[in-house]
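Spelled out, the chains give:
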Amino acid sequence: MKTVSTKLDKQTYEQFQKICNNDSQCMSESIRELIKMDIDAYDEGLEMEKELTESTGNPSRPEAKVVRIS
C-alpha cells in the first residue's frame, strides 16, 4: 500500500471526523472509500465517452496546443 496525505483546516477536519464517527469508520477507511468512488466515476466517464465515440463513429476532438516560436 501507498500513503496519501493532505492538510485540512480545523473546521473541515472536525466536520469530517464527525461524519466518520457517525458512520462508525475511521478517517482512513472513509478517505479510501471516497478515493475509490472518485476513481470509479472517472473510469465510468471514460467508458461512456468511448461508447459514445464508437456509436457515433466520430472521434473526439484533439486538444489544441499553443506553441510559441521565437
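What counts as what
Residues numbered from 1 in each chain as written. Predicted model: local features only at pLDDT ≥ 70, side-chain atom pairs only at ≥ 80, totals over all residues. Heavy atoms only, no water. Salt bridge = Lys/Arg side-chain N within 4 Å of Asp/Glu carboxyl O. Helix = DSSP H or I, 4+ residues; strand = E, 2+ residues; numbered from the N terminus. Expected span 1.5 Å × (residues − 1). Polar contact = N/O pair within 3.5 Å; in protein donor to acceptor, adjacent residues only side chain to side chain. Disulfide = S-S within 2.5 Å. Buried < 20%, exposed > 50% of the residue type's maximum accessible area, 1.4 Å probe, protein only.

### What about the pattern of salt bridges?
Right, on to step 1. This model, assessed by the stated rule, comprises one salt bridge.
Right, on to step 2. Between Lys36 and Asp40 there is a salt bridge whose closest N-O contact spans 2.9 Å. Here Lys36 pairs with Asp40, and both are found in helix α2 (residues 27-56), just four residues apart, close to one helical turn.

### Quick look at helix α1 (residues 10-22)
Right, on to step 1. For α1, which comprises 13 residues, the first-to-last C-alpha distance of 18 Å matches the rise-based estimate of 18 Å (1.5 Å per residue) to within 8%.
Right, on to step 2. A side-chain oxygen of the first residue of α1 lies 3.2 Å from the backbone nitrogen of Gln11; this N-cap is Asp9.
Right, on to step 3. Positive backbone phi, at 55°, marks Ser24, one or two positions downstream of α1.

### Things to note about the state of the cysteines
Right, on to step 1. Within this structure, the stated rule accounts for zero disulfides.
Right, on to step 2. Looking at Cys20, it has no disulfide partner, and the nearest cysteine sulfur is the one in Cys26, 7.5 Å off.
Right, on to step 3. Taking relative accessible area as the criterion, Cys20 reaches 1% and is therefore assigned buried.

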